[in-house]
Amino acid sequence: MYIYDLTLEKLIDYFLKHDEKKFYATELFKWLYEENKRLTDFDLATNLKKEIREKLKEDFTISTIEIVNKESAPDVLKYLFRLNDCEHIEAVLMKHDYGNSLCISSQVGCNMGCKFCESGRRKKVRNLRVGEMVEQILLVEQESGLKISHIVIMGIGEPFDNYDNICDFIKIINHPKGLNIGARHITVSTCGLVPKILEFSDFPYQVNLAISLHAPTDALRKTIMPIAKVYSLKDLMNSLDIYYKKTKRRITFEYILLDNVNDSEKDALALAKLLKGKNAYVNLIPYNETSTLQFKRSNPLKIARFYDILKKNNITVTIRREFGGTISAACGQLRSKKEEV
Ligand code: SAH
């Protein structure tokens, strides 16, 4: 077993199962996550009995991933990790004025097949374990010496295609004795897996939900996002209405502007109509061009016009600040370069 896979509840179950006190689970959790502890060897947990440490050593592996490459640009650090089966994933650290945000991967490869996305060029190989997601944060904090205050699950993979692990991951990083990252500082981004959005509406943590929308009509969405053939916009918006009713949390809509694909005035008006009356926040994303895909980014004038139309129609909208274009920080690009697929 892998120690970083376990939420505190699961760690408690482990100790109870071995007729040990619950208290040891909390202590061990602190040894794993408190800033000045972060143990690399169970023997360092000096307030645990020797026999417990021996048992832990028998049952658990601690560290399983390592940083194999790092690139930097102003305010951004991009990390490539090797997993213990030699697969690679990546994470990007962005320094904002409000704190340090880490964009983490949730799967090796991705099955969603969005036409504009580098990650989807490689089919899903496997889900990341909970601990492999936790370790991305631990290793980046250790390597950079920076405290991560915000997490976005927007790296390689579709988080809702790895739903149970994402939920445990959130429990660990949000726990006051874990990494203590506030739920409102955690964002899960999905291309719109409707059944999981519904399930997530009952997940009792105040995390943010972001939807990769990228098109205001089914016809257009189907041409760039295969998931639109499975769930119509009507189904998607209905599930989000339910999510909003239950959670009362504003939903973010991500919209990449792709030159001559989805960036016309007509598209902006259709988007405004689709989101009218909803507590929506639109994040317009200047496309990060990749050398392998044919899409181009919209020019700044078109981006500005798109933004204005949404604003005029009373939609809350921002244009995403760009990080790391020069170091291929867009989703999936670093792994792609490394493995040359
Ligand atoms: N699968 C999830 C999370 C990973 S993708 C999702 O679809 O939301 C995270 C975000 O990056 C998505 O909005 C995705 O559409 C966007 N994205 C992918 N490639 C991009 C690129 N080259 N430039 C800008 N945004 C990109």
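Residues numbered from 1 in each chain as written. Predicted model: local features only at pLDDT ≥ 70, side-chain atom pairs only at ≥ 80, totals over all residues. Heavy atoms only, no water.

**Details of the site of the ligand**
The local shell around the ligand holds 19 residues, among which E158, S189, S212, H214 and N288 are the closest. In this structure, a nitrogen atom belonging to the ligand sits 3.0 Å away from a side-chain N or O atom of E158. At a separation of 3.5 Å, an oxygen atom of the ligand approaches a polar backbone atom of C191. Here the ligand, which alone exposes 530 Å², has 94% of that area covered by the protein. Where the shell around the ligand is concerned, the elements lending two or more residues are β8 (186-190) and β10 (251-257). Counted by class, the shell around the ligand contains 10 nonpolar, seven polar and two charged residues. (Near = heavy atom within 4 Å. Polar contact = N/O pair within 3.5 Å; in protein donor to acceptor, adjacent residues only side chain to side chain. Areas by Shrake-Rupley, 256 points an atom, 1.4 Å probe, with all protein chains shown as cover. Helix = DSSP H or I, 4+ residues; strand = E, 2+ residues; numbered from the N terminus. Nonpolar A, V, L, I, M, F, W, Y, C, P; charged D, E, K, R; others polar.)

**Overview of helix α3 (residues 50-59)**
Taken residue by residue, α3 has I52, R53, L56 and D59 as its buried positions. One face of α3 carries all of its buried residues, which in axial projection span an arc of 135°. Residues of α3 that are exposed and point more than 90 degrees away from the buried face comprise K50, E51 and E58. Lining the buried residues of α3 we find α1 (8-17) and α2 (22-33). (Buried < 20%, exposed > 50% of the residue type's maximum accessible area, 1.4 Å probe, protein only. Arc of directions from axis to C-beta. Contact = heavy atoms within 4.5 Å.)

**Side note on the packing of α1 against α2**
Viewed as axis vectors pointing N to C, α1 and α2 meet at an angle of 135°, and their least axial separation amounts to 8 Å. Taken together, the axes of α1 and α2 lie oblique to each other. Between α1 and α2 lies a crossing whose hand is right-handed. Only K22, Y24, A25, T26, L28 and F29 of α2 make contact with α1, whose side of the interface consists of L8, L11, I12, F15 and L16. Its residues assigned to classes, the contact of α1 with α2 comprises nine nonpolar, one polar and one charged. (Axes fitted to C-alpha atoms, helices over the stretch in contact; angles between N-to-C directions. Parallel < 35°, antiparallel > 145°, perpendicular 65-115°, else oblique. Left-handed = near helix turned anticlockwise from the far one by under 90°.)

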